[in-house]
Amino acid sequence: MAETRLLFGTPFLVDRLQSPEGLKALKDVILAQKARDPDGVQISNVGGWHSSADMIEWGGEAAKALAFTAMTMADEATIDIRSPKDNRYSWVPDMWANVSGKGNANFHHTHPGSYWSAVAYIDDGYEGSTDPALGGELQLLDPRMPMLRMPAPDLRSKDGSGGPLDNEPKLRPSTGMIVMFPSWLLHAVRAFHGPGTRISIAINLIPALKSQGQPS
């Protein structure tokens, strides 16, 4: 039997925010901003509230601390191949908040212009329920699949265990979880039907060459 090598892996990072006080501070500042700007903006959100992308400006120290956490994750997952021991790049963050209630979702989209994208879940909105019918999962889509499905929609390549490769993996969020993935990865949020309110923060990290003399 031929040897199968799975190439071109897509990194997907999962970590947890450790400060309950930080989560509360983020929740409070987001709800305060929603009260100041109840209309928000309409981008990928289907219903719900989407803030402007300048949360780093209005989110206070808690937002800056979250951005630092995301940038640290990105540093640990990225290498500058021309300068492996002294990365020549830093990150410029864009941040915004999403507040979702029953039936709200986000359609499939990517984040052009950035390298890494992250989502931090400030309140998952499930209120302790484990019922899968509540939805609200982060859904990721293999960008190669639409073309491959055109000639044979029921075929899948095998994974390492012999089963079908999952081309639309889903992740059920939990309060305090932070995830990160390449910004080109197509993703969506399935309709949320939890009893509470889902509050999350999205972060785009844009690479920028450090100015001469800037510390690594």
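See the structure shown above.
Nothing here was measured: the structure is a model prediction, and the numbers come from that model. (Residues numbered from 1 in each chain as written. Predicted model: local features only at pLDDT ≥ 70, side-chain atom pairs only at ≥ 80, totals over all residues. Heavy atoms only, no water.)

**Q** Run through helix α1 (residues 20-36), naming residues and quoting values.
**A** Between the first and last C-alpha of α1 there are 25 Å, a value that for 17 residues agrees with the 24 Å anticipated at 1.5 Å per step. Considered for burial, the residues of α1 that qualify are Leu23, Leu26, Val29, Ile30 and Gln33. Within α1, the buried residues cover an arc of 135 degrees as seen down the axis, which keeps them to one side. Residues of α1 that are exposed and point more than 90 degrees away from the buried face comprise Pro20, Glu21, Lys24 and Ala35. (Helix = DSSP H or I, 4+ residues; strand = E, 2+ residues; numbered from the N terminus. Expected span 1.5 Å × (residues − 1). Buried < 20%, exposed > 50% of the residue type's maximum accessible area, 1.4 Å probe, protein only. Arc of directions from axis to C-beta.)

**Q** How would you explain the environment of Met147 if you had to name every residue and give the values?
**A** Topologically, Met147 is positioned in helix α4 (residues 145-149). Taking the C-alpha atoms as reference points, Met147 and Met73, separated by 74 residues in sequence, lie 32 Å from one another.

**Q** Before we move on, could you go through the side chain of Asn106 and cite the residues and values that matter?
**A** Its place among the elements puts Asn106 in strand β5 (residues 105-109). A distance of 3.0 Å separates a polar atom in the side chain of Asn106 from a polar atom in the side chain of Ser44. (Polar contact = N/O pair within 3.5 Å; in protein donor to acceptor, adjacent residues only side chain to side chain.)

**Q** Mind laying out the packing of aromatic side chains, listing which residues take part and the relevant values?
**A** This structure, assessed with the given rule, holds four aromatic pairs. Considering the side-chain rings of Tyr126 and Phe192, the 5.9 Å spacing of their centres and the 55 degrees angle between planes classify their relative orientation as tilted. Taken together, the positions of Tyr126 in the loop between β6 (116-123) and β7 (138-141) and Phe192 in the loop between β10 (186-189) and β11 (198-209) put the pair 66 residues apart, joining distant regions of the chain. Through a chain of ring-to-ring contacts, the aromatic side chains of Trp91, Tyr115 and Trp116 assemble into a single cluster. Between the NZ or CZ atom of Arg172 and the centre of the ring of Tyr126, over which it lies, the distance is 3.6 Å. In this structure, Arg198 packs its charged tip against the face of Tyr126, placed 5.3 Å from the ring centre. (Phe/Tyr/Trp six-rings, centres within 6.5 Å; stacked < 30°, edge-to-face > 60°. Lys NZ or Arg CZ within 6 Å of the ring centre and 35° of its normal.)

**Q** I'd like to hear about the pairing of strand β9 (residues 177-182), residue by residue, with values.
**A** Buried residues dominate β9, accounting for six of its six residues. Note that strand β1 (residues 13-16) and β9 share four bridges and pair antiparallel. The residue of β9 that forms the bridge with Val14 is Val179. Bridge count for β6 against β9 is five bridges, and the pairing is antiparallel. Residue pairing for β9: Val119 is matched across the bridge by Val179. (Pairing = 2+ DSSP bridges.)

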